Amino acid sequence: MKRLRTRYFAQVKAEGRKFTALTSYDTMSARLFDEAGIDLLLVGDSAANVVHGHETTLPITLDEMISMASAVVRSTRRAFVVVDLPFGSYEESPAQALAASVRVMKESGAQAIKIEGGVEMADTIRTIVAAGIPVCAHVGFTPQSEHALGGYVVQGRGDAADELRKDAQAVADAGAFAVVIEMVPATIATEVTKQLTIPVIGIGAGNGTDGQILVWTDAFGMNPGGRMPRFVRQYANLGEQLLQAAQAYRADVESGAFPNSDESFED
């Protein structure tokens with residue numbers, strides 16, 4: 001089975017089809033999602049929240065991202081693996097961003113990097129792409145800027161729609177192979193998708209985009225009691241199943257039912 005390339009996503013858009021993406025941070029989820037035929041796996045900085053327990057994505061480091069990305073790459077054969085550049089690893093200058101991107105590509109084996117930002121990141125994207133590294137851009141709501149944006153707020157409404165369109169066009173013109181568009185009105189996301197020649201990946205952006213991505217722990221019920229975005233559809237409740245399994249294990253150990261004779265060695 002061959003690894004997908006950037007041209008696959010361009011072809012899917014050209015043919016009017018849809019493609020799938022999920023986050024992944026570890027070998028077990030990556031292997032399962034690859035077997036399920038998910039096209040793109042994003043080693044997202046959302047790991048700061050769902051893996052490390054931080055309130056925002058800001059604390060996660062480049063070293064931590066590379067470690068997780070390496071596990072995802074080693075555990076997949078077909079999926080196209082994209083890695084977020086974390087906060088603080090690319091904003092200073094295009095040179096800083098290129099250095100971080102080179103580390104990701106060399107040390108993890110991933111196929112692309114992702115950075116947040118629109119017009120202001122165009123020169124940075126050009127620099128990275130010129131070095132031969134595919135870039136996925138990210139516009140609309142950008143989690144690394146949640147403090148500046150005033151929290152988790154829908155972007156691109158009213159007069160802000162023009163700015164969103166400009167951001168999307170700027171990253172496409174700079175050479176990004178695809179762009180994630182997050183938490184924007186569905187009508188605007190659909191317009192942007194038609195406007196751009198590169199694939200658009202939606203999250204909280206309606207069904208008019210070329211692809212869809214979700215944080216896997218949200219989509220499959222591994223975020224019990226946590227904040228659930230409106231745009232998430234839960235396809236399973238794995239958290240409840242895991243809780244029940246752990247409770248059953250505890251009960252069997254406490255009662256002496258585990259291990260039984262079949263689960264023990266004889267002399």
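Calculation rules
- Within any chain, residue numbers begin from 1 and follow the written order of that chain's sequence.
- The predicted origin of the model limits local features to residues at a pLDDT of at least 70 and limits the giving and counting of side-chain atom pairs to 80 or more, whereas totals for whole chains, interfaces and linings rest on all residues.
- As a convention, hydrogens and water are excluded, and side-chain values are obtained from all of the structure's heavy atoms.
- In this scheme, a residue with accessible area under 20% of its type's maximum is buried, one over 50% is exposed, and one in between is partly exposed, where area comes from a 1.4 Å probe on protein chains only.
- A run of H or I in DSSP becomes a helix once it reaches four residues, and a run of E becomes a strand once it reaches two; helices and strands are each numbered from the N terminus.
- Any two strands with at least two DSSP bridges between them are considered paired.
- When the strands point away from the viewer, a crossover counts as right-handed if the route from the first strand across the helix to the second turns clockwise.
- What counts as an axis is a line fitted to C-alpha atoms, over the stretch in contact for a helix, and the angles between N-to-C directions run from 0 to 180 degrees.
- By convention the crossing between two helices is left-handed if the near helix lies anticlockwise of the far one by an angle smaller than a right angle, and right-handed if it lies clockwise.
- The criterion used for residue contact is that any of the two residues' heavy atoms lie within 4.5 Å.
- Charged residues are taken to be Asp, Glu, Lys and Arg, nonpolar residues to be Ala, Val, Leu, Ile, Met, Phe, Trp, Tyr, Cys and Pro, and polar residues to be all remaining types, Gly included.
- Each pair of aromatic rings taken from Phe, Tyr and Trp, with Trp reduced to its six-membered ring, is defined by centres within 6.5 Å and is described as stacked if the planes are under 30 degrees apart, edge-to-face if over 60, and tilted in the remaining cases.
- Charge over a ring is defined by NZ of Lys or CZ of Arg lying within 6 Å of the ring centre and within 35 degrees of the ring normal.
- UniProt positions are given in the numbering used here, feature names are shortened, and annotations may be inferred rather than shown by experiment.
- Under this definition, polar contacts are N or O atom pairs within 3.5 Å; protein pairs additionally need one hydrogen-donor-capable and one acceptor-capable atom, and for neighbouring residues in sequence, both atoms have to be side-chain atoms.

Moving on to the pairing of strand E6 (residues 178-182). Within E6, five of the five residues are buried, leaving the element largely enclosed by the surrounding structure. Across the two faces of E6 the burial is the same, with Ala 178, Val 180 and Glu 182 and Val 179 and Ile 181 all buried. Note: E6 against strand E7 (residues 200-203), four bridges, orientation parallel. Bridge pairing in E7 places Glu 182 opposite Ile 203. In this view, the connection linking E6 to its parallel neighbour E7 by way of helix H9 (residues 186-195) has right-handed handedness.

What follows covers the packing of helix H8 (residues 160-173) against H9. Running from amino to carboxyl end, H8 crosses H9 at an angle of 30°, the nearest separation of the two axes being 10 Å. Crossing handedness for the pair H8 and H9: right-handed. Touching Ala 161, Leu 164, Arg 165, Ala 168 and Gln 169 of H8 are Ile 188, Glu 191, Val 192 and Gln 195, all from H9. Considered class by class, the residues forming the contact of H8 with H9 number five nonpolar, two polar and two charged.

Here a ring pair, both rings aromatic, is described through the centre-centre distance and the interplanar angle of the planes. A full pass over the atoms with the stated rule returns nine aromatic pairs. Judged by centre distance (6.4 Å) and plane angle (50°), the ring pair of Phe 9 and Phe 177 falls under tilted. Within this pair, whereas Phe 9 is found in helix H1 (residues 6-14), its partner Phe 177 is found in the loop between H8 and E6, the two being separated by 168 residues in sequence. Note on Phe 177: relative accessible area 12%, which makes it buried. Each member of the aromatic cluster is reached from another via a ring pair, and the members are Tyr 8, Phe 9, Phe 19, Phe 80 and Phe 177. In this structure, Arg 78 packs its charged tip against the face of Tyr 8, placed 5.8 Å from the ring centre.

This brings us to the UniProt feature "active site" (unreviewed entry) in the chain. On the UniProt side, "active site" (unreviewed entry) is annotated at positions that read Glu 182 here. Looking at the secondary structure, you find Glu 182 in strand E6. Beyond its immediate sequence surroundings of up to four residues, Glu 182 is in contact with His 138, Val 139, Gly 140, Phe 141, Pro 143 and Ile 203. There is a polar contact of 2.9 Å between the side chain of Glu 182 and the side chain of His 138.

This part takes up the UniProt feature "binding site: Mg(2+)" (unreviewed entry) in the chain. Using the residue numbers shown here, the UniProt feature "binding site: Mg(2+)" (unreviewed entry) corresponds to Asp 45, Asp 84 and Glu 116. Considering the C-alpha atoms alone, the annotated residues occupy 72 residues of sequence yet fold into one spot, their largest mutual distance being 11.0 Å. Inspection of the secondary structure puts Asp 45 in the loop between strand E2 (40-43) and helix H3 (47-50). With a relative accessible area of 4%, Asp 45 lands in the buried category. If sequence neighbours within four positions are ignored, Asp 45 has contacts with Thr 57, Ile 60, Met 65, Asp 84, Glu 116 and Gln 144. By the element assignment, Glu 116 lies in strand E4 (residues 112-116). In this structure, Glu 116 is in contact with Asp 45, Tyr 90, Met 121, His 138, Thr 142, Pro 143, Gln 144 and Ser 145, ignoring residues within four places of it in sequence.

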